Structures are given as structure tokens and as C-alpha cells.
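# Architecture at a glance
Below, each chain spelled out in residue letters.
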Amino acid sequence: MSEIKYIVIGGSAGSFQIVTKILEALPKNFPHTLILVLHRLKHIKEGFTDALTIKSQLPVQEPFDKEKILSGRVYIAPANYHLYVEPDKTFALSTEDVVNHSRPSIDVTLSSAAYSFNNNMLGIVLSGANSDGAVGLKDVIDFGGIAVAQDPKDAIVATMPEAAIKISGTKNILSSQNIIKYILNINSNV
Amino acid sequence: MSELKIFVPDVNQVYSEIKSLSDFDFIDYAFSFKRRRIILFMKTQKVFNVDDLIYRFNQSDKFVSDFVRFLFVPQTELFRDAELWNYLNEKIFPKLLLKKDVNIHIPCCTGGEEVYSLMFFLGLFQSSGVTITVSYPLSENENFIKNRKFNQQDLKKCVKNIELLNNVLNPEDVFIGQTNQMRINHFYRGNVNFKKEKIMNQQYISEFDLVLFRNRLIYFNEDLQSTVLPKINASIKKGGYLILGEKEILGQMSGKFKKITSKLSVYKKRIF
């Protein structure tokens, strides 16, 4: 298996707590890139990134259009934009229509990341109340990456990981605690 | 999305074909956007491989124009980024409207949300010395924008924006007309000119006091951004304003402008 360099996490209702725990657990010298696509209110622009920054030893930021993707950083999809990953390892944004009632949509980011990162990526779908991320997680598998879904029994809202498991067929179903361990040991897992 | 696997050569082939069959060149648009639009279009048209898609393009001009139309994503909602409109209303428009003649440009306009948001706010000043130039890529855009009516879904998209606008009390202040046939209740007294043009082919010379160019650069790759931004720069008078989307950057043109507020993408063109 190839080395995992990029981790893309999608979450909706009930995922914020897990995301903050993941960020708290990542060491300062974490060598990979973390991209977060979290469903959020489009008008809440201030405070969201700050709340995550407090929990993280890594720099956390919303990317600008065509910004280069760097390792050791945490990127958060900006409110009211879809976030694409380009094959040249830059971000691109879009105001296309909502997908699964969401902008940013987890499917949009996961699918483009799957295409651009191939087998260098880990995709994770966390708690949430719709099916966003399920198709994207299948793309992750189809393009050679690793797909993980939060165990629905462990999720505050099970709908999203259930849909991700059903559509992607991933067998990597982990509790939030085990997701953290999995990320921390990512290249010894593969 | 996953059943259709579209790769770089497929994307290049589709857009080369579109270039040869239409007036439009999307080669330098952002790759992931182009790829996703192909996949979505194929799904809606029930086309299952790229060869069939290209065959259909060659069989029908309408099929080509449907695809081209599908690539021009409209602005998402009226009054998107309410804090920007509040800033323009409170800080920029009062200054700008002290001038006798004010020229404003909205390039690459397809849906009209920016035009009507702008007319609503300029209408609050009841100034007649303003000309808004709306340039658009497709012939059909002009009539669509001129006759634009808004429905409940449009209202739902922008209702939160309206709540966040200063000095606007509720959606009834903004819309008039029957449900699903609503128009913007504006008191704009200036002119609106419509021009079909492609920004990348234009040569502008210091024509505009303000250019509202939000969330258009994001669809271009860096090469095309590098072509378009100097044209936008050339189109703005010294001391004039440029408004970009909140996550768009000026790149090589950054030295020509000063960002005048840290949180919003409002730029003032430098005099020297």
C-alpha cells in the first residue's frame, strides 16, 4: 500500500465533538494534511475556525481559492462554498448548487480528493443526519484510497455513517476513539 | 457520481469538442469543476460514456448549448454575504454617489442575483447618476435577468441574508408580487446597460468606478485568472473599487489595489 498523506473528514450533526478530539490528539509534528468538510450554517463565518484552532496544535485555516495544499496543516471548507481538490494539489472553490442540502458538500470534496490523491488518501465519514459523503467515500475506495466510517452505534446521529457504509461498502467501521488511534498510526495501519 | 469514471483525457476531449462546436472555450477553467460538470450533465442526460456524449454533441446544437449553459453557474443567492452589502451600503456607496456619474460593472452575469441586490441598495440612495453595465456570456441571459422573478425557493435561500442586512426589516421590504412570481422592490433610478461579451476578449480602459466580480475567478484555473485579472484592473478607474468573492485573491494584481477592510474582499485601486 502507498503512504497516506492526506486525510479528508466529513461530518455533520454530532460530529463537531469528535473533530475537536481528533484535533486535540494530533501532535505538533503531524506530517499529513487534514481536510475537514463540516456542515455548517452559511452565515456563521466567524468563530468556527477559531473554535477548532483552540483545540489544535496544527495551524487551522479556511483555504483561499487555488491555495496550495501543504502538509502539517488543517484546512476547513469555508461556509457556503464547495471545496474541490485539484490534481495539482491546490484547492478550488465553487458556488454550485447545494448537494445533499449542503454547501460545502462532503461528496464534492471527497470525490475530487479521491481523484486527485488516489491511494495517498484516507477518507472518513462521521456522524450526521443525511447521506452526504456516502458517494464520495465510494470514490475514495474506487480510486485506491482507504475509507473509514464512524460506527453508527457510536455516532450521535447514525444516518450519515450508515449511508456511507451501505453505499461505499467499506469494512473499516470504527468508533470515534478508534478513528483517532487509526489516524495517529495511519501509515502503520496500511 | 461514482459509476462514471472520467479521467483527464476525457475532460480534455469533451472541452476541446465544445470549443470546436461552440463559441466557448472552457479549456482554462478549473479542472475539478469541469470534471464534475461533465459527470452531472451525463447523469441528467442519461449518457453513460464520453464517446456517447461527444456523439450527442455532434448530433445536436441544442445539446451543445444545454451543456454550455450548464457550465455557467449563477450567483447563488440574493444578498449573498450580507456583511459585504452592509459595508457597501454604509461605507462605499455614500462616497461613490457623491460623484455626478458613476459607472458600475457586473461582468460574467448569468442569474441576476448580484444585479438586483445592487439595484436594491442603490435604490435606497435614489440617485439617478449611476449606470450599471451588466455583461453576460449567453444571449438568453439578458432577457432572463431583465425579467427575473423569484420564487419561494429563492426567498428561502436569501431570507437569512435579509435578516442580517442593516436597515432592512423583513423580506416584505425586499420583494413585491405574488408568491413564486416575486420581483425585487427596488427604487433604483439609474440606467442598466446589457452587453454580451466575454471578459477574456475585452479591452477595457479605466471605465468603471466599481466592479462587482464575485465568485467568478474561482471557476478559472490560474492561467485564466492571470489573463482576466489584468483586464479587470484595466477596467477600473484609479481610486475605484473592486469586489471579489470572500475566498478569491488578486494574485499578480495585488500590488495595484489596497484591501480596505480585513474581513471583506473590497479593494480600492491605488492612484500611484
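What this report covers is the structure whose coordinates are included nearby.

In terms of helices and strands, chain A carries seven helices and nine strands. A globule of 190 residues ought to have a C-alpha radius of gyration of about 16 Å, and chain A, at 14 Å, matches this closely. With respect to the three principal axes, the spread of C-alpha positions in chain A is 35 × 35 × 30 Å. Going through the 190 residues of chain A one by one, you find that 54% of them count as buried.

A:Leu36, A:Ala113 and B:Leu242 are the most contacted members of the largest nonpolar core, which has 125 residues in total. With seven residues, the top contributor of residues to this core is helix H3 (residues 106–117) of chain A. Excluding residues that lie within four positions of it along the chain, B:Leu242 makes contacts with B:Val211, B:Phe213, B:Ile232, B:Ile236, B:Phe257, B:Tyr267 and B:Lys269.

Moving on, we get to the sheet that holds strand E2 (residues 130–136) of chain B. Residue and element names in this part refer to chain B. In space, the seven strands of this open sheet follow the order E5-E2-E1-E6-E7-E9-E8, with mixed pairing throughout. One side of each edge strand has no neighbouring strand; the edge strands of this open sheet are strand E5 (191–196) and strand E8 (257–259). Across the sheet, the mean angle from the axis of one strand to that of its neighbour is 20°, orientation sign disregarded. In the sheet, strand E7 (residues 236–244) pairs with strand E9 (residues 266–269) via three bridges, with the strands oriented antiparallel. Across the sheet, the residue bridging to Leu-242 is Tyr-267, located in E9. Each of strand E1 (102–106), E2 and strand E6 (208–213) touches helix H6 (residues 113–123); the most contacted strand, E2, lies at about 175° to it. Taken strand by strand, helix H7 (residues 139–146) contacts E2 and E5, and its axis lies near 135° from that of E2.

Scoring rules and cut-offs
Residues numbered from 1 in each chain as written. Chains lettered and ligands numbered in written order. Predicted model: local features only at pLDDT ≥ 70, side-chain atom pairs only at ≥ 80, totals over all residues. Helix = DSSP H or I, 4+ residues; strand = E, 2+ residues; numbered from the N terminus. Rg over C-alpha atoms; globule rule 2.2 N^0.38 Å. Buried ≥ 20, exposed ≤ 12 C-beta atoms within 10 Å, placed from the backbone. Core = buried A, V, L, I, M, F, W, Y, C linked by C-beta atoms within 7 Å. Contact = placed C-beta atoms within 7 Å. Pairing = 2+ DSSP bridges. Axes fitted to C-alpha atoms, helices over the stretch in contact; angles between N-to-C directions.

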